[in-house]
Structures are given as C-alpha cells and as structure tokens.
Amino acid sequence: MVEHHLPADIERTSMRIIGEELAERGVALSPETEAVVKRVIHTSADFDYAENLRFTEGAVQEGAAALLRGVPIVTDTNMALAGVSKPSLAKLGGSVRCFMAEEETARLAKERGTTRAAVSMELAAKTFPEVILAVGNAPTALLEIETLMEEGFRPALVIGVPVGFVNVVESKERILSACEKNGVPAIVALGRKGGSNVAAAICNALLYTAVGALDPAKRGWQG
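These numbers were taken from a predicted model, which means no experiment stands behind them.

1. Points about the side chain of T75
Position of T75 among the secondary structure elements: in strand β2 (residues 73-75). In this structure the side chain of T75 is engaged in a polar contact, spanning 2.8 Å, whose partner is the backbone oxygen of T77.

This is the structure in structure tokens:
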C-alpha cells in the first residue's frame, strides 16, 4: 500500500476509492450531484448517502450560484459553522453564521416555549434578504422553515440533514415536499442519518464547485 502524507493526495485517493466502490455497488451518480454525494461519503465513510440524498432539480447549480452572489449561509449548530470552509467563503465574499448561542435566540425560545433552532431560522429569515439554510441537527428548524415558506419566505437553498430518531424522518420528508411545492432548491438526506458534519460537507461541496476548487490542490494545499 502506498502511504500518502499530503492532504491533497489523501483526498484525491479517497475520492478515487469512493468512485471505485460506488461502481462496484452499481451506483452511477449524476454529474450534477456527484461532487456533493462524494463529499458527504468522504466525510462520513457511509455509502448509504448515495441512496438517501435527495436533490430538487438544479439544486446544486442554484446553491453554487447563490454562493457566487455572496449569499450567506446560516447553520443550526456552531459545529456545522466551524466545518464550513472559510477560505472558500472569503473568495466569494460570503459568510456563515449561527444564531443558536445568541441571547436573543435564547430569550425568544423561552418566551415562546419553542426551540432555539426554530427561532434561529426565523432570525435568519428576518436578517438576510437571501440565505442558504444548513440544518444538520434540529428537526424543529426544518419545521420552522416550512412554516416560514407558507408565509412567503423563499430561501436560496435548504440543506436538510438532521440526524436522530424523534421527528427526524418526518421533518425531512415535509421540508422536501414543501421545497418542491414552493420552488425552493433543496438537498435533503431522507431517513435518520445526517448531522452537522454532513451539513458542512454539503456546504463545502457547493463552495468548492462555486470557486472551481473540487481538486484540493486548487485550494492552496500541497500536491
């Protein structure tokens, strides 16, 4: 076995292995979604995402286009925020934010008897005229986005990949249906699987697509 030490070489080899294993499983990814699906598998080592990730038509292109316009990303966890590529965002004049730890979020959630995640999505909609919402943890965030869309809110993209057992499956099915109904681009991981790392991985795949840096060497890494 050849050992790699440079990050770019490790990533390239990982992506080649992922491609080979997908082919062995008889899975053929579409050119549009390939970068996102492979990035999520690379992050999680879970090939189930080749089957459970769902994309509305043109979601990847529309997400990348939004990032090129400098549309901000709002996550439902600080973990997801930490995982989003800041150098790629900087190249696009973009930003990423999480409202979860802010005092106003905690105050409103307590007053209303709801979750901070739900309030965070409301604040995101009020703060930004255009926004990409990346949800990797809280089903209540997806349900709040659904409600906001019923009131006329149209995010640039919804990434719905919370993980867990309570309301997770249902919330993801509902947000995918709501996005399809309202013409909102969406990338959703159906079923129980997901997480903040998956949300960040999808954001990064879109960022690397937008800046033309799917090859890690183009991100300034060695190799």
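2. Some points on helix α8 (residues 116-127)
With 12 residues, α8 ought to run about 16 Å at 1.5 Å a step, and its terminal C-alpha atoms sit 16 Å apart, in line with that. Taking burial as the measure, the 12 residues of α8 include 9 buried ones, the bulk of the element.

3. What about the sheet that holds strand β4 (residues 132-135)?
Spatial strand order, β1-β6-β5-β4-β2-β3: 6 strands in an open sheet with mixed pairing. Edge positions in the sheet fall to β1 (53-55) and β3 (96-98), since each of these pairs with one other strand and no more. Taken pair by pair, the neighbouring strands of this sheet meet at an average axis angle of 15 degrees, ignoring direction. Strand contacts of helix α10 (residues 168-182): β1, β5 (157-160) and β6 (186-189), with the helix running at about 160 degrees to β6, the strand carrying the most contacts.

4. A closer look at the pattern of salt bridges
Going through the model one piece at a time under the given rule, you end up with 13 salt bridges. The residue D48 makes a salt bridge to K193 at a minimum N-O spacing of 2.5 Å. In this pair, D48 is assigned in the loop between α2 (34-44) and α3 (49-52) and K193 in the loop between β6 and α11 (196-211), connecting sequence segments 145 residues apart. One salt-bridge network, in which partners are shared between bridges, spans D9, R12 and D215.

5. Observations concerning the packing of α8 against helix α9 (residues 139-150)
Geometrically, a packed helix pair is captured by the angle between its two axes and the distance between the axes. With their axes 7 Å apart at the nearest point, α8 and α9 run at an angle of 40 degrees to one another. Considering the angle they form, α8 stands oblique to α9. At the point where α8 passes α9, the crossing takes the right-handed sense. In this structure, α8 contributes A117, A118, M121, E122 and A125 to the contact, and α9 contributes T140, A141, E144, I145 and L148.

What counts and what doesn't
Residues numbered from 1 in each chain as written. Predicted model: local features only at pLDDT ≥ 70, side-chain atom pairs only at ≥ 80, totals over all residues. Heavy atoms only, no water. Helix = DSSP H or I, 4+ residues; strand = E, 2+ residues; numbered from the N terminus. Polar contact = N/O pair within 3.5 Å; in protein donor to acceptor, adjacent residues only side chain to side chain. Expected span 1.5 Å × (residues − 1). Buried < 20%, exposed > 50% of the residue type's maximum accessible area, 1.4 Å probe, protein only. Pairing = 2+ DSSP bridges. Axes fitted to C-alpha atoms, helices over the stretch in contact; angles between N-to-C directions. Contact = heavy atoms within 4.5 Å. Salt bridge = Lys/Arg side-chain N within 4 Å of Asp/Glu carboxyl O. Parallel < 35°, antiparallel > 145°, perpendicular 65-115°, else oblique. Left-handed = near helix turned anticlockwise from the far one by under 90°.

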